[in-house]
Amino acid sequence: MTDKTDDTTGTETTSTIDQWAARLLRTRWIVRAPIPLFRAGLGWLFGGRFVMAEHIGRKSGQPRYVVLEVIERETNALRVASGHGSRAQWLKNLQANPAARLWVGRSKGVAATARILPESDAAAVLARYARVHPDAWDHLKGAMDELNGGETTIPVVEFTPPSR
């Protein structure tokens, strides 16, 4: 984002905040810090705003974990955005094998199936998020653009119960 503030007030510009957020998201230990809390059953501390997804590594076949912000929820569906775009390893893993287990709130290890939404559906989800959380969206979008080196498409993943 390129919103400006009066530099004489000493207030950070939005772009500075977005750059700072992008740097944090590139710092592996920071983005992985919530995982032990979720695994210990303390996911409720995040108030349902975040979900931990267990997925299978496409090369290793080993369980992998990622904590993601829930940008939209409805009955039997959680939607998350891939801040690192289509190059995110967790996204690639879910494309290869959509089976997942989710930890959210007090729920632990709930089976789910991931589906990467088509661009038009993802854009609609992100537009709804932007309407409901305009400030958060401005910073999220700014940080994602900063992370990805410019204006970027943000993939959205929908988790639903597995079909029987």
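Just above sits the structure.
Just so you know, these numbers come straight off a predicted model, no measurement behind them.

Enquirer: If you had to explain the nonpolar core to someone new, which residues and values would you point to?
Expert: Core analysis: the biggest nonpolar cluster contains 18 residues, and Val51, Val80, Trp90, Leu102, Val157 and Phe159 have the highest contact counts within it. Contributions of two or more residues to this core are made by strand S1 (50-56), strand S2 (63-74), strand S3 (77-81), helix H4 (89-96), strand S4 (99-104), strand S5 (107-116) and strand S6 (156-160). Aside from chain neighbours lying at most four places away, what touches leucine 102 is Val51, Met52, Ala53, Leu78, Ser107, Lys108, Gly109, Val110, Ala112 and Phe159. Counting residues in each nonpolar core, the second largest holds 13 residues, with Ile71, Val125, Met144 and Ile154 among its members.

Enquirer: Could you give an account of the side chain of glutamate 54, with specific residues and numbers?
Expert: With respect to the helices and strands, the residue glutamate 54 is situated in strand S1. Overall, glutamate 54 belongs to the buried group, its relative accessible area being 10%. Among the polar contacts listed, one links the side chain of glutamate 54 to the side chain of arginine 101, at a separation of 2.6 Å.

Enquirer: I'd like a description of the side chain of glutamate 72, backed by residues and values.
Expert: Tracing the backbone shows glutamate 72 in strand S2. At 2.8 Å, the side chain of glutamate 72 forms a polar contact with the side chain of arginine 79. Residue contacts for glutamate 72: discarding those within four places in its chain leaves Ala77, Leu78, Arg79, Val125 and Arg128.

Enquirer: Residue-level account of the packing of aromatic side chains, with values.
Expert: Within this structure, the stated rule accounts for 4 aromatic pairs. Ring centres of phenylalanine 46 and phenylalanine 50 lie 5.9 Å apart, and the angle between their planes is 70°; on these two criteria the pair is classed as edge-to-face. Given the relative accessible area of 24%, phenylalanine 46 is considered partly exposed. Taking the relative accessible area as the measure of exposure, phenylalanine 50 reaches 27% and is therefore partly exposed. Ring geometry for tyrosine 129 versus tryptophan 137: centroids 6.4 Å apart, planes at 75°, classification edge-to-face. Residue tryptophan 137 is classed as buried on the basis of its relative accessible area of 17%. The rings of Phe38, Phe46 and Phe50 are connected pair by pair, giving a single aromatic cluster. Lying across the ring of tyrosine 65, arginine 39 places its NZ or CZ 4.4 Å from the centre. A cation over an aromatic ring shows up here: arginine 106 above the ring of tryptophan 44, its NZ or CZ 4.8 Å from the ring centre.

Conventions and cut-offs
Residues numbered from 1 in each chain as written. Predicted model: local features only at pLDDT ≥ 70, side-chain atom pairs only at ≥ 80, totals over all residues. Heavy atoms only, no water. Core = buried A, V, L, I, M, F, W, Y, C linked by side-chain atoms within 4.5 Å. Buried < 20%, exposed > 50% of the residue type's maximum accessible area, 1.4 Å probe, protein only. Helix = DSSP H or I, 4+ residues; strand = E, 2+ residues; numbered from the N terminus. Contact = heavy atoms within 4.5 Å. Polar contact = N/O pair within 3.5 Å; in protein donor to acceptor, adjacent residues only side chain to side chain. Phe/Tyr/Trp six-rings, centres within 6.5 Å; stacked < 30°, edge-to-face > 60°. Lys NZ or Arg CZ within 6 Å of the ring centre and 35° of its normal.

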